[in-house]
Amino acid sequence: MIEQLLQKAVQVGRPFIEKGAVATYIPELGNADKNKLGICVHTLDGGRFACGDVHDRFSIQSISKVITLAAALELCGFDTVFENVGMEPSGDAFNSLIKLEISGSHPYNPMINSGAIAVASYTQPRISFSNMLALTQQLCHDKGVVLDEKVYHSEMENVARNRAIAYLLESKGVIKGNVEEALDFYVRMCSLSVTAEGLANLGLLLANDGVDPNGGGRLLESDTVRVVKTIMLTCGMYDGSGEFAVRVGLPTKSGVGGGLLSLADGQMGIGIYGPALDIKGNSIAGEQMLRFLSSQLHLHMFDSSRFAVDPKTML
Ligand code: GLN
């Protein structure tokens, strides 16, 4: 049964925690308990499975890039979003600005900081932060999503690098509006607090082509969801995206708060919390759990026996 499989996944992931570390460059994130670990799986046929710390609230961080990109696509349209932001994996750290300066003037993709700050600058004039919070609550099917003020202030007090990126983007004509407002919007979105369960709900919504699995109708356009999932697959794990796609084969987005948003298209949403990170800023135990789950359930999107395994009855 899948409950046993999730217990096994936690057992497989846990030993990796000691090799990782919680993020400290945003000091408030350094207070997280690195031993926390949880995984939640919601299937399209109504299955709800969980093991570990799936109700703990933690900082969404870069997983918010998925939500802001979805909102931007719906509010501004594809051509505007991608006029000055690319669709290529960068191969660099999430907070790098090196390629912005040496190879062209556009951020490589919307899942790294430079691209996400640019996308925030397109989104921010068109929707209030409180409506973005409400949208996040709706997409995660979780009224408990809130702005974590401590995380927000902690990041704003240590925002020099992202501010440098934002002004570099302005100098290159990528950000045309108010830089400080775009930056503030970006940091607020990163400071939302979510649970692994809420991320599983969001994953399931994306796996279901943007239609609310809880009967609330279409929440995101099909075109939006297709673009978002593709960018998650190619760029969602920063400079670890290529290897992760080969080994796991699931559209996934990480955040330095320790969350992983993942999905098996047409099958399930997966949410993970594990704040010990690898060198690239991805949940170290979380990656191993996804690797295990993907191989056990044949979830890799190019696995020829995909859909052949019923997660509820396996084992
Ligand atoms: N708020 C973080 C930052 O901008 C998000 C980074 C992340 O989760 N990788 O640095």
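This one's a predicted model, so the numbers in the text were calculated from it and none came from an experiment. (Residues numbered from 1 in each chain as written. Predicted model: local features only at pLDDT ≥ 70, side-chain atom pairs only at ≥ 80, totals over all residues. Heavy atoms only, no water.)

I tried to follow the pattern of salt bridges on my own but got confused; where do I start?
Opposite charge on two side chains makes pairing possible when the charged atoms of those side chains draw close. One pass over the full model with this rule turns up 10 salt bridges. In this structure, the salt-bridge partner of Asp-223 is Arg-226, at a minimum N-O distance of 3.0 Å. Of this pair, Asp-223 and Arg-226 are both found in helix 11 (residues 222–235), 3 residues apart, which corresponds to roughly one turn of the helix. The class of Asp-223 is partly exposed, set by a relative accessible area of 49%. The salt bridge partner of Lys-229 is Asp-265, with a shortest N-O separation of 2.6 Å. Residue Lys-229 is found in helix 11, and its partner Asp-265 is found in the loop between strand 7 (259–264) and strand 8 (268–273); the two are separated by 36 residues along the sequence. Its relative accessible area of 35% is what places Asp-265 among the partly exposed residues. (Salt bridge = Lys/Arg side-chain N within 4 Å of Asp/Glu carboxyl O. Helix = DSSP H or I, 4+ residues; strand = E, 2+ residues; numbered from the N terminus. Buried < 20%, exposed > 50% of the residue type's maximum accessible area, 1.4 Å probe, protein only.)

Sorry, what's going on with the sheet that holds strand 3 (residues 58–59) here?
The strands that make up a sheet are held in pairs by hydrogen bonds between backbone atoms, and each pair lies either parallel or antiparallel. The sheet built from 3 strands is open, its strands ordered 3-5-4 with antiparallel pairing. Each edge of the open sheet carries a strand with a single partner, namely strand 3 and strand 4 (146–147). Pairing of strand 4 with strand 5 (residues 192–194), which is carried by 2 bridges, proceeds in the antiparallel orientation. Looking at strand 5, one finds that Leu-147 is bridged to Leu-192. (Pairing = 2+ DSSP bridges.)

How should the packing of aromatic side chains be read in this particular structure?
The geometry of an aromatic ring pair is captured by the separation of the ring centres together with the interplanar angle, meaning the angle of the planes. Tallied over the entire structure, the rule returns 4 aromatic pairs. Taken together, a centroid distance of 6.1 Å and an interplanar angle of 45° make the contact between Tyr-25 and Phe-94 tilted. Separated by 69 residues along the polypeptide, Tyr-25 in the loop between helix 1 (2–13) and strand 1 (38–43) and Phe-94 in the loop between helix 3 (78–81) and helix 4 (98–102) bring together distant segments of the chain. A residue is classified by how much of its surface remains accessible, and Phe-94, at 10% relative accessible area, is buried. Relative to Tyr-238, the ring of Phe-94 has its centre 5.1 Å away and its plane inclined at 45°; by these criteria the two rings are tilted. With Phe-94 in the loop between helix 3 and helix 4 and Tyr-238 in the loop between helix 11 and helix 12 (241–247), this pair connects stretches of sequence that are 144 residues apart. In this pair, the class of Phe-94 matches that of Tyr-238, namely buried. (Phe/Tyr/Trp six-rings, centres within 6.5 Å; stacked < 30°, edge-to-face > 60°.)

Just to check I follow, could you spell out the pairing of strand 8 for this structure?
Regular strands have side chains that alternate between both faces of the sheet. Most of strand 8 is tucked away: 6 of the 6 residues are buried. Bridge analysis of strand 1 against strand 8 gives 6 bridges, and the strand direction is antiparallel. Within the sheet, the bridge partner assigned to Thr-43 lies in strand 8 and is Met-268. The turn joining strand 7 and strand 8, which pair antiparallel and follow one another in sequence, is formed by 3 residues; a positive phi near 70° is taken by Gly-266.

Would you mind going over the site of the ligand with me for this structure?
Within the structure, the ligand sits among 13 residues, and Tyr-25, Gln-61, Ser-62, Tyr-186 and Tyr-238 are positioned closest to it. Taking Asn-113, its side chain carries an N or O atom lying 3.1 Å from an oxygen atom of the ligand. Separating an oxygen atom of the ligand from a backbone N or O atom of Val-256 is a distance of 2.8 Å. Relative to its unbound accessible area of 290 Å², the ligand is 99% covered by the protein chains. For the shell around the ligand, the per-class residue count stands at 7 nonpolar, 5 polar and 1 charged. (Near = heavy atom within 4 Å. Polar contact = N/O pair within 3.5 Å; in protein donor to acceptor, adjacent residues only side chain to side chain. Areas by Shrake-Rupley, 256 points an atom, 1.4 Å probe, with all protein chains shown as cover. Nonpolar A, V, L, I, M, F, W, Y, C, P; charged D, E, K, R; others polar.)

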